[in-house]
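Now for the letters of each chain:
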Amino acid sequence: MFKRCLVAENRKLHASPIWIVFFVLPVISAIYGTYNYLQNLGILTGQWYSLWTQHTLFYALFFFPVLVGVYAAYLWRLEHMGHNWNLIMAAPVRPLCLFLAKYVIVLKLVLLTQMLVFALYFFCGKAFAHLPGLPPLETFLYLLRGLAGGQCVIALQLILSMLIRSFAVPVFIGLAGGVVGMLTASKGIGLAFPYALMQVGMNSNKSEDILAGSYGGFILASLVWLLLFVGLAQLLLTRRDVRS
């Protein structure tokens, strides 16, 4: 059942307009980050590290939650049309399988997005900042940590898009969550808020590793939030019909 759901969800990506958003938002983020870096060379003296802080400043705080919001809302769009929810509830497929299939597809999109973000970071560092050598290995670790923390945002945005028929509202909630996540992370309590976990994992706008010596708490927080949201999705899908 899960495999069938996965194949069906994956087909939605073929010739999908979300690929435009997939490319455009990371490019805009890279342009802003590179411009900020070049305008502050007197302050930002860490070369590749400094460029990373500027690229992730916009991406992790604002663009990533919006991207995930768009991905999630698009995958639930068909279910919200007409009486499709009635068909889903009557189909011989566990509703949670549908949710988990969408989760895997969005996770794949986020992984591809992370790869694009790094490619843009490397390209801008060479083409515009003229930085020597290669990016530090830590940036690969930051990307993986961002992916780990971002799983919570994926699950939460899928729940919001499942419950809210509007395409735009969950996306705006994601944007607001990114702003609140920035505030909580700045106060040192980022692990207590799901939207902040991706920012913390990416080491957004920080020259020193803010997770140094505290990986256990980060992994535990990411896992707890993820399991909480998956459990909530299971409860919503099995105990009540999601109205469309």
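Up top you'll find the structure we're talking about.
Please read these numbers as outputs of a predicted model, since none were measured by experiment.

Participant: An account of the nonpolar core is needed here, citing residue identities and associated values.
Facilitator: If you look at the biggest cluster of nonpolar residues, it comprises 68 residues, and the most contacted ones within it are Y59, Y71, F99, V106, V110 and L158. Every element with two or more residues in this core is listed here: α2 (18-39), α3 (48-77), α5 (95-127), α6 (138-163), α8 (194-201) and α9 (215-239). In contact with V106, other than residues within four places in its own chain, are V68, Y71, A72, L75, I154 and L158.

Participant: Any details on the environment of F229? Residues and values, ideally.
Facilitator: Mapping F229 onto the fold places it in helix α9. The class of F229 is buried, set by a relative accessible area of 7%. Spatially, the C-alpha atom of F229 lies 15 Å from that of G174, the residues being 55 residues apart in sequence. The contacts of F229, once residues within four sequence positions are left out, are C152, A155, L156, I159 and P194.

Participant: How would you explain the packing of aromatic side chains if you had to name every residue and give the values?
Facilitator: All told, the structure shown has 13 aromatic pairs when counted by the stated rule. Considering the side-chain rings of W48 and Y121, the 5.4 Å spacing of their centres and the 70° angle between planes classify their relative orientation as edge-to-face. Note that W48 is positioned in helix α3 and Y121 in helix α5, a separation of 73 residues in sequence. For the pair W48 and Y121, a shared accessibility class is recorded, and that class is buried. Both rings, one in F123 and one in F128, keep their centres 5.8 Å apart while their planes meet at 85°; by these two values the pair is edge-to-face. For F123, a relative accessible area of 47% puts it in the partly exposed group. Taking the relative accessible area as the measure of exposure, F128 reaches 46% and is therefore partly exposed. Here a set of aromatic residues connected by ring pairs shows up, and it is made of W48, W52, F118, Y121, F122, F140 and Y142. Above the face of the W76 ring, K102 is positioned so that its terminal group lies 4.5 Å from the ring centre.

Participant: I'd like a description of the side chain of S50, backed by residues and values.
Facilitator: Take S50: it is sitting in helix α3. By relative accessible area, which is 9% here, S50 ends up buried. Apart from residues lying up to four places away in sequence, S50 is in contact with Y37, L44 and T45.

Participant: Give me the lowdown on α6, citing residues and values where you can.
Facilitator: Compared with an ideal rise of 1.5 Å per residue, which puts 26 residues at 38 Å, α6 spans 38 Å between its outermost C-alpha atoms and is within 8% of the ideal. Along its length, α6 shows its largest kink, about 30°, at G150. Summarising burial for α6: 19 of the 26 residues are buried, a large majority.

Participant: Kindly report on unusual backbone geometry, identifying the contributing residues and their values.
Facilitator: One non-glycine residue, Q47, adopts positive backbone phi at about 55°. Along the polypeptide, Q47 turns up in the loop between α2 and α3. Residue class for Q47 comes out partly exposed when judged on its relative accessible area of 39%. Backbone geometry places N203, a non-glycine residue, at a positive phi of 55°. Mapped onto the elements of the fold, N203 is located in the loop between α8 and α9. We classify N203 as buried; its relative accessible area is 0%.

Parameters and conventions
Residues numbered from 1 in each chain as written. Predicted model: local features only at pLDDT ≥ 70, side-chain atom pairs only at ≥ 80, totals over all residues. Heavy atoms only, no water. Core = buried A, V, L, I, M, F, W, Y, C linked by side-chain atoms within 4.5 Å. Buried < 20%, exposed > 50% of the residue type's maximum accessible area, 1.4 Å probe, protein only. Helix = DSSP H or I, 4+ residues; strand = E, 2+ residues; numbered from the N terminus. Contact = heavy atoms within 4.5 Å. Phe/Tyr/Trp six-rings, centres within 6.5 Å; stacked < 30°, edge-to-face > 60°. Lys NZ or Arg CZ within 6 Å of the ring centre and 35° of its normal. Expected span 1.5 Å × (residues − 1). Bend = angle between axes of the 7 residues up to and from the residue.

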